[in-house]
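One letter stands for each residue in the lines below.
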Amino acid sequence: MIYEPPAIYGIIGNPVAHSLSPVMQNAAFKALKVNAVYKLFPLADHEELKLFMEDLKEKDNPIFGLNVTVPYKECILPYLDVIDPIAEKIGAVNTLVIDHHRRIYGFNTDGPGFLSHLTELNFDPKDKRIAILGAGGTTRAIISVLCLLPKGPERITLYNRTRANADSLVKEIGRNINTGIVTVVDEPEDLNIELADLLINTTNVGMKPGDPLLIDPEALHKDMLVYDVIYSPEETKLLAQARLKKAQTANGLGMLFFQGVLAFWHWSEVELDERIKRIMRKSLTEGLHGA
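Residues numbered from 1 in each chain as written. Predicted model: local features only at pLDDT ≥ 70, side-chain atom pairs only at ≥ 80, totals over all residues. Heavy atoms only, no water.

Two numbers describe how helix α1 (residues 21–31) lies on helix α9 (residues 274–288): the axes approach to 8 Å, and their chain directions differ by 145 degrees. The hand of the α1/α9 crossing is right-handed. Across from V23, M24, Q25, A27, A28 and A31 in α1, the residues of α9 making contact are R275, I276, I279, M280, S283 and L284. Partitioning the contact of α1 with α9 into residue classes produces nine nonpolar, two polar and one charged. (Axes fitted to C-alpha atoms, helices over the stretch in contact; angles between N-to-C directions. Helix = DSSP H or I, 4+ residues; strand = E, 2+ residues; numbered from the N terminus. Left-handed = near helix turned anticlockwise from the far one by under 90°. Contact = heavy atoms within 4.5 Å. Nonpolar A, V, L, I, M, F, W, Y, C, P; charged D, E, K, R; others polar.)

The next thing to look at is helix α8 (residues 253–268). Spacing of three or four residues puts side chains on the same side of an α-helix, whose turn is 3.6 residues. Helix length check: α8, at 16 residues, gives a terminal C-alpha distance of 23 Å against a target of 22 Å (1.5 Å per residue), a fit within 8%. With 13 of 16 residues buried, α8 lies mostly within the body of the structure. In the segment just after α8, E269 is the residue with positive phi, at about 55 degrees. (Expected span 1.5 Å × (residues − 1). Buried < 20%, exposed > 50% of the residue type's maximum accessible area, 1.4 Å probe, protein only.)

One open sheet accounts for six strands, arranged β9-β8-β7-β10-β11-β12; its pairing is parallel. The open sheet has two edge strands, β9 (182–185) and β12 (248–251), and neither has a second partner. Between one strand axis and the next, the sheet turns through 15 degrees on average, direction left out of account. Pairing of strand β7 (residues 129–133) with strand β8 (residues 155–159), which is carried by five bridges, proceeds in the parallel orientation. By the bridge assignment, L133 is partnered in β8 with Y159. Packed onto the sheet, helix α4 (residues 110–120) meets β10 (198–201), β11 (225–228) and β12 and runs at close to 145 degrees relative to β11. On top of the sheet, helix α6 (residues 163–173) reaches β8 and β9; it is set at about 165 degrees to β9, its chief contact. (Pairing = 2+ DSSP bridges.)

Structural data, given as structure tokens:
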């Protein structure tokens, strides 16, 4: 009997120890009886990234798929042989496919994963007023896919503590995508949350118990969806306040799930059935609770 070593998949970034992707993807491999394993690959700096990507091209390298997390989603682009048109427009990649010829393909599943979660939440962005807190990589993906929709939001208002970073982000996205509906504001109050249909927090404010609220909770209302990309804790202070106002709420675990399903499809071209998806989602919840 010839033993075939497992194909390796994983996630690169810094840090990655907290990632729930391994529990989700390994649960899928196990359920499908696929001889593959998903690992963590912490890369401390750009030099380690460079060496890792060079090694990835070697013909005996057993890695065939990767996720990419902060801080490498943008700076990894020069190492890729082929970049998906959507990922190229977004200007960031979070999923890599490495074929048997060791050609590296880059995709972005963050943005589509977010839209899939909105669909599950029965929220249609068409003609909606959207307010966003933060100007990092997640914001880049979210604004990009919203602006690319054939029937997108009426307007997107963006606040970031350092306004220059928000201006720079919108300018960068605007090189490839029409960002005419996006406005950067100076203060959280200028987001006009009381008129918004969707409020999205993409910052890490809310991960710690002592973190402040970035917005006035009195602006929250029952006719809106409040979406916090943070999923640990499951209910941030923002989501708790939104719930008290009877708003619809959601954390980022759904986005993580849907981007992971799409990443799996890129690696395998297998359309996962509902049973496997349930297993993946259950594994995420258990991983979050330390089960």
